[in-house]
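Examining the three-dimensional arrangement
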Amino acid sequence: MDGPHMADLLLETTDLDIIGVLRRQSNPNTVNYAHLIKNPRFKIISADITDPVSINRLVQEHKPEYFFNFCAQSHVAESWIAPVMTFEVNAMGVLYCLEAIRLYCPQCRFYSAGTSEQFSEPIYLPMDELHQQSSKSPYGSSKIAASHLVNTYRKSYNLYAIHGILFNHESERRAESFLPRKISIGVARISKEITGGEVPVPISVGNIHAKRDWSYAPDFCRGIWLMMNQELYREDLKAEEYQQESYSKEAICKLREYVLASGSTHSVKDLISLAFSAAGHEIAWQGEELNEKAFVGNNCVVEINKEFYRPADVIYLHGTSEKIERELGWKAQVGFEELVRRMVKHDLKKIN
Ligand code: GDP
């Protein structure tokens, strides 16, 4: 989701050429980048983040100015099922990127995608850049490891490497395994079933009481771009002169890793109600805990299924982007209601 949104932003607002990196798959899913393929400034090349040979080759051959690492095993629930692969991709993968940049292209600016799952236990709210890190899943642990690696490499080798923290972010391109897209696709299907006079098949979900701070992914891409272009120039050097030098320790010390968040928090239950409402259905909740259900008229449209509960869930996430707003002028354009409305509208259109 994030890679193609970032490519869209950079193709539109800069003159950079973009290389999209894909792991080879026999049946690739091209849906999120099909619209980019004909653009002469965009190309796809093959590499695998778990293979340092391929990452070294990538950096050595292309000498990128910027490297955005959106590659991840990013599904929290899956990280209990495949913890070793999750760590290989999310932590070791970052290490391979950092090593490749250190060896072959130390001027390259590296962005590592951090996550609010690194703030699994709220110490204070809203959570900011100084919030203590802790994890409740192999996914969160792998991202904390990545964050330490990025910090270590930045300080050891003066690399422009940052691990900015992204709270939950979604878009019409989100995979269905994540809650908001599962809901928008489910709501579209149920709307069609109801309109067609069928008895709808309910959407099965897990913990509906968890709270998340949800934003729109393209807004975050603008924030990441700002993080990647922080003013580092020494006062006695012109920008062009500076670019020819390695980053100095003083310059690198000025780099900041920011939090991107909406500043508001909503429960999974709120999101589900809002999504149905965006499709013109007001739902009523009945029952408690595993027996809690949502109805449209007499039709059950949401039910709880234990299968979607996690061994441990982060219960409450609420972040603040006050620092990047103040220091770099970032501002979100799409709020929570509009985000849900856009996703539902997109899936309604797709299904009809
Ligand atoms: P996450 O916050 O990065 O794990 O993003 P998700 O979209 O996968 O999950 C958001 C929240 O929704 C978590 O608290 C999940 O436990 C909760 N949730 C409840 N039911 C479901 C479900 O059916 N699928 C997913 N993915 N999450 C669910």
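Here the structure is shown first, and the text comes after it.
Treat the numbers as computed from the prediction; the structure is a model and nothing was measured.

1. Some points on the nonpolar core
In this structure, Phe68 and Tyr111 are the most contacted members of the largest nonpolar core, which totals 32 residues. Breaking this core down by element, the ones donating at least two residues are α1 (2–13), β3 (66–69), β4 (109–115), β5 (161–166), α7 (217–227) and α9 (249–253). When residues no more than four places from it in sequence are discounted, the contact partners of phenylalanine 68 are Met6, Leu10, Tyr111, Ile224, Trp225 and Met228. Among the nonpolar cores identified, the runner-up in size contains 27 residues, and Trp214, Val268, Ile304 and Leu339 belong to it.

2. Focus on the packing of helix α6 (residues 179–195) against helix α10 (residues 268–278)
Closest axis-to-axis distance for the α6/α10 pair is 10 Å, and the angle between their directions is 35°. Seen from above, α6 lies across α10 with right-handed handedness. Residues Leu179, Pro180, Ile183, Val187 and Ile190 of α6 lie in contact with α10, whose contacting residues are Val268, Leu271, Ile272, Ala275 and Phe276.

3. Digging into the pattern of salt bridges
Scanning the entire structure with this criterion turns up 15 salt bridges. For aspartate 313, the salt bridge goes to arginine 212, with nearest N and O atoms at 3.3 Å. Residue aspartate 313 is located in the loop between β14 (299–304) and α11 (322–328), and its partner arginine 212 is located in strand β8 (residues 211–212); the two are separated by 101 residues in the primary sequence. Like arginine 212, aspartate 313 is buried. Ionic pairing is found between glutamate 292 and lysine 269, a salt bridge with its closest N-O pair at 2.6 Å. With glutamate 292 in the loop between β12 (284–286) and β13 (293–296) and lysine 269 in helix α10, this residue pair connects regions lying 23 residues apart in the sequence. Given the relative accessible area of 5%, glutamate 292 is considered buried. Here lysine 269 falls in the partly exposed class, since its relative accessible area comes to 21%. Within the structure, one salt-bridge network assembled from shared partners comprises Glu117, Arg212, Arg310 and Asp313.

Conventions adopted
- Residues numbered from 1 in each chain as written.
- Predicted model: local features only at pLDDT ≥ 70, side-chain atom pairs only at ≥ 80, totals over all residues.
- Heavy atoms only, no water.
- Core = buried A, V, L, I, M, F, W, Y, C linked by side-chain atoms within 4.5 Å.
- Buried < 20%, exposed > 50% of the residue type's maximum accessible area, 1.4 Å probe, protein only.
- Helix = DSSP H or I, 4+ residues; strand = E, 2+ residues; numbered from the N terminus.
- Contact = heavy atoms within 4.5 Å.
- Axes fitted to C-alpha atoms, helices over the stretch in contact; angles between N-to-C directions.
- Left-handed = near helix turned anticlockwise from the far one by under 90°.
- Salt bridge = Lys/Arg side-chain N within 4 Å of Asp/Glu carboxyl O.

Don't take any of this as a statement about function, it's just geometry.
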